[in-house]
Amino acid sequence: MVKTAATQPALKPLSLHIDHLNHGYEAQGAMRPVLDDVSFDVAPGEFVALLGPSGCGKSTLLRLIAGLEVPLSGTIEADGREITGPGPDRIVMFQDPTLYPWRTVEENVTLGLDIHKKRDPKIVRDALQLVGLEKDASSWPHQLSGGMAQRVALARALVNNPRMLILDEPLGKLDSLTRLTMQGEIRRFWQKRGFSALMVTHDVEEALLLATRVLVFSPRPARIVSDRPIDLSAEQRHRDDPHVIALRRDILEQLGHSNDW
Amino acid sequence: MSRVTSAQKAEQPSFKALLWRWGAGPCWALAALLTWWLPDGDDFPDTTLLAGLFLACGVVLLVLAALKRLRYWAPWSAVLGLGLGAWEVVQAKFLLLPRPFFGTPQDLLDVFLTDWKRLGDSLLHSLLLLLIGYGIGACVGIAVGMALGRSLRFRYWVRPIMRVIGPLPPVALLPLAFVIMPSTRLAGEALMALSAGFPVAVLTWSGVAAVDPAYYDVARTMGAKDRFLVLRVALPAATPQIFVGLFMGLGASFSMLVVAEMLGVKSGLGFYMQWAQGWAAYPNMYAALLVMALMCTSLMTLLFKLRDYVLRWQKDGLKW
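Residues numbered from 1 in each chain as written. Chains lettered and ligands numbered in written order. Predicted model: local features only at pLDDT ≥ 70, side-chain atom pairs only at ≥ 80, totals over all residues. Heavy atoms only, no water.

Novice: Describe the pairing of strand β9 (residues 213-217) of chain A, listing the residues and the values that go with them.
Specialist: Residue and element names in this part refer to chain A. Across the five residues of β9, five count as buried, placing the element largely inside the fold. Side chains Arg 213, Leu 215 and Phe 217 project from β9 onto one buried face, and the interleaved Val 214 and Val 216 project onto a second face that is buried too. By the bridge criterion, four bridges tie strand β3 (residues 47-51) to β9 in an arrangement that is parallel. Looking at β9, one finds that Leu 51 is bridged to Val 216. Where β9 lies against strand β10 (residues 224-229), five bridges are found, and the strand directions are antiparallel. The residue bridging Val 214 from the neighbouring strand is Arg 228, located in β10. (Buried < 20%, exposed > 50% of the residue type's maximum accessible area, 1.4 Å probe, protein only. Helix = DSSP H or I, 4+ residues; strand = E, 2+ residues; numbered from the N terminus. Pairing = 2+ DSSP bridges.)

Set out below in structure tokens:
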């Protein structure tokens, strides 16, 4: 299990500096703002969870950071250099696994290495082993369950040895048990590899169990409503812990769900 | 064939299955007997040889039945034997259908025995003409379709041309092509490429247009450039549609092939048929027709095999 750390050199985690970011889309001749003056920093190695009402623009923010889109105004700097496009230092894991159906599990995991013409079966094998799918290397994606497919997507992301992992609600469509397992796995990989991580989620509990810091956004156009560090020890990171419960109540209130259970 | 039905799985096949299996050989033997025993209605060649052939088929079928290799095709084999026997009796023995439009089985056999060289040569010419024209059309079609799907400027300039020329039956261009191309053969090639290329281009385009944008995002976030996105993402994602185009294009080239050979190209099966008809050599025409049918179905089968291999990642597909 620990072999992967040996085959892949440890990389410096990425830092982010986001400054007065504004973004929007044109629809029916009118500009619809999506992000409203968003500024925050991510220190190297931080695990930041982004919470907010559905459709508020969190995913758009991730796409901007990934370099898949260009912001209307404001800047995003990675390690002090402005982001102009996608790059292998920032790997995105999407809500859908989006595996290529014409590639086997193994070939899907090797995608990032293929792109840079650095195929290495050993790295791929190690990554598959890490997510417990070494026996399914030659399966086709349509033969996998939802949880297995998302694990392959995780392995495909990790193979790139990212300095920042960008997670766009990666567990949103999984059943609750698979979700619990994968939350543990993501946290473990983050601890072992030490990359920076940004995760959009709808699940307040998930954010509290995984992240070192939680940003709460307003409804669209997204503004930062609160920015709080989560100083919980490993033992406290448990669903029934009173700290977690108190924080959850607090954050749900900010999201406008104080009266719901 | 790979599926095992409950009847095949059972230890003891049903009486009906056994009847088909062991009846197929005797059906051919009966055809052989009638052929040999009843007197010919006119002076036909190769009657005894035909009877021998029927008998040989019967024996082979009996051997297959004994080896338990004759299952799925047993009913077909039996009925085919009876049908050929009936044809022989109706036409060669009692001359019931108008001649010479309807030949006899031995007439057809005689054509293959005496004219196999010219038939084979025609088949070769047709195949060559078809494969070159279709091959060029398919490759150009895929390239044009990809460009239509990926490049706005290319789409701006090429789409109007496609819209005007595409729906026109390529056959309509035949007279023009014979005039402007240096040889009828080249004209045939060009039109076959056109008739195959159009459906391939359109289907490739629609396949590329339908590619899930998330597939591009995944590769782009890992740093993929345009070349990778086109060749390693868009192209494989569009292959199911491309194959639909390839099948349509193959069918279109078949008809283009026949028309080109009948109207200008002085070789090939179409030319042979035209010639046979001109001399009222109807058995020769039937023989050429049979060879052409076999050629077309073989090429289709080949393309299906290729598709099944390339698209083996799909859950399930149509079986040919």
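So much for the structure itself; the text now carries on.
Novice: Hey, could you go over the interface of chain B and chain A for me, with residue numbers and the actual values?
Specialist: The partner chain A presents 25 residues to the 19 residues of chain B that form the contact. Note on chain B versus chain A: buried area summed over both sides is about 2,100 Å², and carbon and sulfur give 66% of it. Seen at the junction of chain B and chain A, the total is two salt bridges. A salt bridge links Arg 63 of chain A to Asp 217 of chain B; its shortest N-O distance comes to 2.8 Å. Between the two partners, chain B and chain A, sit eight residue pairs in polar contact (both at pLDDT 80 or more). Residue assignment for the side of chain B that touches chain A shows that the elements contributing at least two residues are α9 (213-221) and α10 (226-263) of chain B. The greatest single-element share of the side of chain B that touches chain A, amounting to seven residues, is contributed by α9 of chain B. (Contact = heavy atoms within 4.5 Å. Buried area = accessible area lost by both parts, 1.4 Å probe. Salt bridge = Lys/Arg side-chain N within 4 Å of Asp/Glu carboxyl O. Polar contact = N/O pair within 3.5 Å; in protein donor to acceptor, adjacent residues only side chain to side chain.)

Novice: How would you sum up helix α6 (residues 152-165) of chain B? Please name residues and give values.
Specialist: Along its 14 residues, α6 of chain B runs 20 Å from first to last C-alpha, staying within 8% of the 20 Å computed at 1.5 Å per residue. The sharpest bend along α6 of chain B reaches about 35° and sits at Val 158 of chain B, with the proline Pro 160 of chain B one to four residues further on. (Expected span 1.5 Å × (residues − 1). Bend = angle between axes of the 7 residues up to and from the residue.)

Novice: Tell me about the domain arrangement of chain B, and please be specific about residues and values.
Specialist: Residue and element names in this part refer to chain B. Along its sequence, chain B is carved into domain 1 (12-93) and domain 2 (105-310). Distance between the C-alpha centres of domain 1 and domain 2: 38 Å. At the interface, twelve residues of domain 1 touch seven residues of domain 2. In total, about 790 Å² of surface goes out of reach between domain 1 and domain 2, with carbon and sulfur atoms giving 70% of it. (Domains from an automatic or database assignment.)

Novice: Now, about the packing of helix α6 (residues 146-158) of chain A against helix α7 (residues 176-193) of chain A: what can you tell me, with residues and values included?
Specialist: Residue and element names in this part refer to chain A. Interhelical geometry of α6 versus α7 gives an angle of 10° and a closest axis separation of 11 Å. Taken together, the axes of α6 and α7 lie roughly parallel to each other. When α6 is examined against α7, the residues Gly 147, Gln 150, Arg 151, Leu 154 and Leu 158 are found in contact with a partner set consisting of Thr 178, Thr 181, Met 182, Glu 185, Ile 186, Phe 189 and Arg 193. Looking at the contact of α6 with α7 residue by residue, the classes come out as five nonpolar, four polar and three charged. (Axes fitted to C-alpha atoms, helices over the stretch in contact; angles between N-to-C directions. Parallel < 35°, antiparallel > 145°, perpendicular 65-115°, else oblique. Nonpolar A, V, L, I, M, F, W, Y, C, P; charged D, E, K, R; others polar.)

Novice: Tell me what's going on with the confidence of the model for chain A, and back it up with residues and numbers.
Specialist: Residues and elements named next belong to chain A. Of the residues in chain A, 95% reach a pLDDT of 70 or more, and the chain-wide mean stands at 87. Considering each helix and strand of chain A separately, the mean pLDDT is smallest for helix α1 (residues 3-7), with a value of 44, and largest for helix α3 (residues 105-109), with 94. Under a pLDDT of 50 for its full length, residues 1-7 has, in the predicted model, eleven contacts with residues more than four places off or in other chains. (pLDDT = per-residue confidence, 0-100.)

Novice: Before we move on, could you go through the sheet that holds strand β4 (residues 73-78) of chain A and cite the residues and values that matter?
Specialist: Residue and element names in this part refer to chain A. Strand order across the open sheet formed by four strands is β2-β1-β4-β5, with antiparallel pairing between neighbours. At either margin of the open sheet sits one strand with a lone partner, and together these are β2 (30-42) and β5 (81-82). In this sheet, β5 lies alongside β4 in antiparallel orientation, the contact comprising two bridges. Looking at the pairing, Ala 78 lines up with Arg 81 of β5. Against the sheet, helix α2 (residues 58-66) makes contact with β1 (16-27), β2 and β4, and its axis sits at roughly 120° relative to β1, the strand it touches most.

Novice: So what's going on with the pattern of salt bridges? Which residues, and what values?
Specialist: Opposite charge on two side chains permits pairing when their charged atoms draw close. In total, this model carries 24 salt bridges over all chains according to the counting rule given. The partner of Glu 185 of chain A in a salt bridge is Arg 151 of chain A, and the shortest N-O contact between them spans 3.2 Å. In this pair, Glu 185 of chain A is assigned in helix α7 and Arg 151 of chain A in helix α6, connecting sequence segments 34 residues apart. The same class applies to Glu 185 of chain A as to Arg 151 of chain A, namely buried. Here the salt bridges do not stand alone but share partners, grouping Arg 63 and Glu 69 of chain A together with Asp 217 and Arg 220 of chain B into one network.

Novice: How would you sum up the side chain of Gln 91 of chain B? Please name residues and give values.
Specialist: All names here are of chain B. When you line up the elements, Gln 91 lands in helix α4 (residues 74-93). Separated by 3.0 Å, the side chain of Gln 91 and the backbone nitrogen of Leu 97 make a polar contact. With residues up to four places along the chain from it excluded, the contact list for Gln 91 reads Phe 44, Leu 96, Leu 97, Pro 98, Arg 99, Phe 102, Gly 103 and Thr 104.

Novice: Please provide a residue-by-residue account of the sheet that holds strand β7 (residues 164-168) of chain A, values included.
Specialist: Residue and element names in this part refer to chain A. Taken in spatial order, the six strands line up as β6-β7-β8-β3-β9-β10 in an open sheet, and their pairing is mixed. At either end of the open sheet lies a strand with only one pairing partner, and these are β6 (90-93) and β10. Shown here is a sheet whose adjacent strand axes are inclined to one another by a mean of 15°, direction ignored. Contacting β3, β9 and β10, helix α9 (residues 242-254) crosses the sheet at an angle of about 165° to β10.

Novice: An account of the nonpolar core is requested, with residue identities and associated values reported.
Specialist: Core analysis: the largest hydrophobic core is formed by 143 residues, its most contacted members being Leu 16 and Val 214 of chain A. At 15 residues, the largest contribution of residues to this core is made by α10 of chain B. Dropping the residues within four chain positions of it, Val 214 of chain A is found in contact with Ala 49, Leu 51, Ala 207, Leu 208, Ser 226, Asp 227, Arg 228, Ile 230 and Ile 251 of chain A. Membership of the second largest hydrophobic core comes to twelve residues, among which are Trp 28, Ala 74, Ala 78 and Leu 109 of chain B. (Core = buried A, V, L, I, M, F, W, Y, C linked by side-chain atoms within 4.5 Å.)

Novice: Can you tell me about unusual backbone geometry, naming the residues and giving the values?
Specialist: Residue and element names in this part refer to chain A. Cis geometry is found at the peptide bond from Arg 220 to Pro 221, where omega equals -5°. Within the secondary structure layout, Pro 221 lies in the loop between β9 and β10. Here the phi dihedral of Lys 117 falls at roughly 55°; this positive angle occurs in a residue that is not glycine. Within the secondary structure, Lys 117 is located in the loop between α4 (111-115) and α5 (121-130).

Novice: Could you give an account of the packing of aromatic side chains, with specific residues and numbers?
Specialist: Under the definition given, this model contains eleven aromatic pairs over all chains. For the pair Trp 28 of chain B and Phe 54 of chain B, a centre-to-centre distance of 5.8 Å together with 75° between the ring planes defines the contact as edge-to-face. Of the two residues, Trp 28 of chain B is situated in helix α2 (residues 15-37) and Phe 54 of chain B in helix α3 (residues 47-66); the sequence distance between them amounts to 26 residues. With a relative accessible area of 8%, Trp 28 of chain B lands in the buried category. Residue classification places Phe 54 of chain B among the buried positions, given a relative accessible area of 5%. For the pair Phe 101 of chain B and Tyr 282 of chain B, a centre-to-centre distance of 5.3 Å together with 65° between the ring planes defines the contact as edge-to-face. Of this pair, Phe 101 of chain B sits in the loop between α4 and α5 (105-150) while Tyr 282 of chain B sits in helix α12 (residues 282-310); the two residues are 181 residues apart in sequence, bridging distant segments of the chain. Its relative accessible area of 14% is what places Tyr 282 of chain B among the buried residues. By the ring-pair criterion, three or more aromatic residues cluster together here, those being Tyr 100 and Trp 102 of chain A together with Tyr 215 and Trp 313 of chain B. One cation-aromatic arrangement involves Arg 150 of chain B over Tyr 216 of chain B; the distance from NZ or CZ to the ring centre is 4.8 Å. (Phe/Tyr/Trp six-rings, centres within 6.5 Å; stacked < 30°, edge-to-face > 60°. Lys NZ or Arg CZ within 6 Å of the ring centre and 35° of its normal.)

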